[in-house]
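Next come the chains, spelled out residue by residue.
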Amino acid sequence: MKLRKVDFYLDWPVSITIFNLRRFIISNLTKEGRVIRWAIVDIKSSVDSPNKKKIRISAVLANATNS
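The structure reproduced in this document is the subject of the present report. Counting of residues starts from 1 at the beginning of each chain's written sequence and follows it residue by residue. Under the rules for a predicted model, residues below a pLDDT of 70 receive no local features and side-chain atom pairs below 80 are neither given nor counted, while totals for whole chains, interfaces and linings still include all residues. The basis for every side-chain value is the complete set of heavy atoms in the structure, and neither hydrogens nor water enter the calculation.

1. Remarks on a nonpolar patch on the surface
Next, step 1: On the surface, a nonpolar cluster with roughly 350 Å² of combined accessible area is contributed by M1, L3 and I36.
Next, step 2: Relative accessible area serves as the criterion here: at 44%, I36 is assigned to the partly exposed category. Candidate patch residues must exceed 30% relative accessible area and have no salt bridge, after which like charges are joined if within 9 Å and Val, Leu, Ile, Met, Phe, Trp or Tyr side chains if within 5 Å. Note that accessible areas follow from Shrake-Rupley with a 1.4 Å probe, and for residues the cover is restricted to the protein chains shown. By definition, a salt bridge exists where a carboxyl oxygen of Asp or Glu is found within 4 Å of a side-chain nitrogen of Lys or Arg. Any residue under 20% of the maximum accessible area for its type is buried, any over 50% is exposed, and the rest in between are partly exposed; the area is computed with a 1.4 Å probe on protein chains only.

2. Quick word on the sheet that holds strand 3 (residues 52-63)
Strand pairing within a sheet occurs via backbone hydrogen bonds; the two strands may be parallel or antiparallel.
Next, step 1: In space, the three strands of this open sheet follow the order 1-3-2, with antiparallel pairing throughout. Each edge of the open sheet carries a strand with a single partner, namely strand 1 (2-13) and strand 2 (34-45). Adjacent strand axes in the sheet meet at a mean angle of 20° when their direction is disregarded.
Next, step 2: Across twelve bridges, the pairing between strand 1 and strand 3 is antiparallel. By the bridge assignment, K2 is partnered in strand 3 with N63. A pair of strands is labelled paired if DSSP reports no fewer than 2 bridges between them. By the criteria applied, helices consist of DSSP H or I runs no shorter than four residues and strands consist of E runs no shorter than two, each listed in order from the N terminus. Interaxial angle, 0 to 180 degrees, is taken between N-to-C directions of lines fitted to C-alpha atoms, where a helix line uses only the stretch in contact.

3. Some points on the pattern of salt bridges
Next, step 1: In this structure the tally under the stated criterion is four salt bridges.
Next, step 2: With its nearest N and O atoms 2.8 Å apart, the salt bridge here joins R56 to D7. With a gap of 49 residues between them, R56 in strand 3 and D7 in strand 1 connect regions that are remote in the sequence.
Next, step 3: For R56, a relative accessible area of 28% translates into the label partly exposed.
Next, step 4: Here D7 falls in the partly exposed class, since its relative accessible area comes to 44%.
Next, step 5: Between K54 and D11 there is a salt bridge, with the nearest N and O atoms lying 2.8 Å from each other. Residue K54 is found in strand 3, and its partner D11 is found in strand 1; the two are separated by 43 residues along the sequence.

4. Observations regarding the pairing of strand 3
Next, step 1: Both strand 2 and strand 3 contribute to a ladder of ten bridges, which runs antiparallel. Note that in strand 3 the partner of I40 across the bridge is I57.
Next, step 2: In sequence, strand 2 turns back onto strand 3 through a hairpin of six residues.

Below, the structure written as structure tokens:
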């Protein structure tokens, strides 16, 4: 098993409520690997669109390796 740290920004559209935010973040993280831990580091208003916010996510993901 290989652990990998990722740090990236994710667009948070207004259609995603605060109650569904956790599910939205995890569904985006699982595309990259198995989620070990994650945290919201920062939230900013998007410069591109007033209807979106940018969420900075820091996470540790595990990927299976064939060793």
